[in-house]
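Commentary on secondary and tertiary structure
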Amino acid sequence: MKHEIDKKHRILIIGASGFIGEAIYKELCSYFRTFGTYRTDNYSFDKNQHYFQYNVEEDDIFEILEALKPTVIISALRGNFSAQVLAHSHIIEYIVANNARLLFLSSANVFDAYSKFPSYENDKTLSHSMYGHFKIKIENMLLRLPKEYTTILRLPMVFGAQSPRIKEIKAFIKEGLPIEVFPNLVMNVTTDTKVTQQIHYIINRNKHGIFHLGSNDLVHHDDFFKEIIQSLGYSKPSLKNVYTTNNERYLAVMSKHNKLPKHLQLYSNEILNELEV
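It should be emphasised that the depicted structure is a prediction, and the values quoted were computed from it without experimental measurement.

Details of the packing of helix α1 (residues 19–28) against helix α7 (residues 192–204)
The geometry of a pair of packed helices is captured by two quantities: the angle between their axes and the separation between those axes. Here α1 crosses α7 at 55 degrees, and the two axes come no closer than 9 Å. Considering the angle they form, α1 stands oblique to α7. For the pair α1 and α7, the sense of crossing is right-handed. When α1 is examined against α7, the residues F19, A23, I24, E27 and L28 are found in contact with a partner set consisting of D192, T196, Q197, I199, H200 and I203. Looking at the contact of α1 with α7 residue by residue, the classes come out as six nonpolar, three polar and two charged.

Structure follows, in structure tokens:
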């Protein structure tokens, strides 16, 4: 049954050719007038009237915003960090001038300097990594705005049948190469399907603020990767233990203040069920 397209929103996904961006596009395009950007020449995107070519280092996002006039922008952008900061400052100008909304995909890495506990929505961000620093910089730009303009979505590691991580695991096993695992890393996880459902709900319900879109339970990186490899049907993979610290180190985004409804929460074993051969 074809859904009635909701005319209320015009949605633009910036970075819609990446793994998560494309999954969001597929989830939303039957319900809303949905558009996306892609970076490199790709025949299937070139002929899709809803996809626009955009290179964050060379193009001005303002042209696409002016042409499309989106009411909701979802940023799943990757690429040069300083070019992204500039692009987001233009997006902010646009949403304020046009009373639009931005959903920004952030990362658990905004907390990677805190290693002793999981992190919750209102915890102070602090990062030792370039990637975490950059995500914090954009988050801070958004947190200065009136809250109805923005939603920050912090993601842990994202898995899915077509995810780069799963493809890499399969490729390494095929080549007989060791897969790196981090025995002391405690994290939470999610899937592309769950993230896209959560985003759909957040748009529908007009939710603002900071959301942590990780599983309700914590897993050890090495144990979880072993279980994934088992779910994929491999029995004796080569693993390489990497110890960055002698103590357990947490990199997990747990929700306490902005909980989503039960059917949109998940546990790590659901990911394994999705991957089972």
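A closer look at the packing of aromatic side chains
In total, this model carries eight aromatic pairs according to the counting rule given. By way of ring pairs, the aromatic residues Y25, Y38 and Y51 are connected into one cluster. A cation sits over an aromatic face here: R165 above F159, 6.0 Å from the ring centre. Sitting over the face of the ring of Y120, K256 holds its NZ or CZ atom 4.3 Å from the ring centroid.

Considerations on empty space enclosed by the protein
The full count for this structure, using the stated rule, is one cavity of 30 Å³ or more. By volume, the largest cavity is sized at about 70 Å³. Q198, H212, L213, G214, N216, S255, N258, K259, L260, L264, Q265 and L266 are the residues that line the largest cavity. Residue composition of the lining of the largest cavity, grouped by class: four nonpolar, seven polar and one charged.

Some words on helix α8 (residues 221–231)
Within α8, the full set of buried residues consists of H221, D222, F224, F225, I228, I229 and S231. Of the residues one or two after α8, G233 is the one with positive phi, at around 95 degrees.

As for the packing of α8 against helix α9 (residues 268–275)
The geometry of α8 relative to α9 is characterised by a closest axis approach of 8 Å and an angle of 25 degrees between their N-to-C directions. When the axes of α8 and α9 are compared, the pair comes out roughly parallel. As for how α8 packs across α9, the hand of that crossing is right-handed. Facing F224, E227, I228 and S231 of α8, the residues of α9 in contact are S268, I271, L272 and L275.

Focus on the layout of surface pockets
Taken as a whole, the largest pocket spans an internal volume of roughly 660 Å³. In this structure, the largest pocket is lined by 30 residues; those nearest its centre are I20, Y131, P156, V158 and R165. Looking at the lining of the largest pocket, the elements with two or more residues in it are α1, α4 (81–98), β5 (101–107), α5 (130–143), β7 (157–159), α6 (164–175) and β9 (185–187). A breakdown of the residues in the lining of the largest pocket according to their chemical character gives 17 nonpolar, ten polar and three charged.

Overview of the nonpolar core
I14, Y54, I73, I91, I95 and L142 are the most contacted members of the largest nonpolar core, which has 29 residues in total. A per-element tally of this core places α4 first, with seven residues. Not counting chain neighbours up to four residues away, the residues in contact with L142 comprise I92, L102, F104, T150 and I152. Among the nonpolar cores identified, the runner-up in size contains 27 residues, and I11, L155, F211 and L260 belong to it.

Concerning unusual backbone geometry
The phi dihedral of K69 is positive, around 50 degrees, even though this residue is not glycine. The residue K69 is located in the loop between α3 (61–68) and β4 (72–75) in this model. Residues other than glycine seldom take positive phi values, yet N99 does so here, at roughly 55 degrees. Residue position: N99 is located in the loop between α4 and β5. On the accessibility criterion, N99 (63% relative accessible area) is exposed.

Conventions and cut-offs
- Residues numbered from 1 in each chain as written.
- Predicted model: local features only at pLDDT ≥ 70, side-chain atom pairs only at ≥ 80, totals over all residues.
- Heavy atoms only, no water.
- Axes fitted to C-alpha atoms, helices over the stretch in contact; angles between N-to-C directions.
- Helix = DSSP H or I, 4+ residues; strand = E, 2+ residues; numbered from the N terminus.
- Parallel < 35°, antiparallel > 145°, perpendicular 65-115°, else oblique.
- Left-handed = near helix turned anticlockwise from the far one by under 90°.
- Contact = heavy atoms within 4.5 Å.
- Nonpolar A, V, L, I, M, F, W, Y, C, P; charged D, E, K, R; others polar.
- Phe/Tyr/Trp six-rings, centres within 6.5 Å; stacked < 30°, edge-to-face > 60°.
- Lys NZ or Arg CZ within 6 Å of the ring centre and 35° of its normal.
- 1 Å grid on protein atoms, 1.4 Å probe; cavity = no way out; pocket = protein on both sides within 12 Å on 5 of 7 lines; lining within 4 Å.
- Points joined across faces, edges and corners; volume = space filled by probe spheres on them.
- Buried < 20%, exposed > 50% of the residue type's maximum accessible area, 1.4 Å probe, protein only.
- Core = buried A, V, L, I, M, F, W, Y, C linked by side-chain atoms within 4.5 Å.

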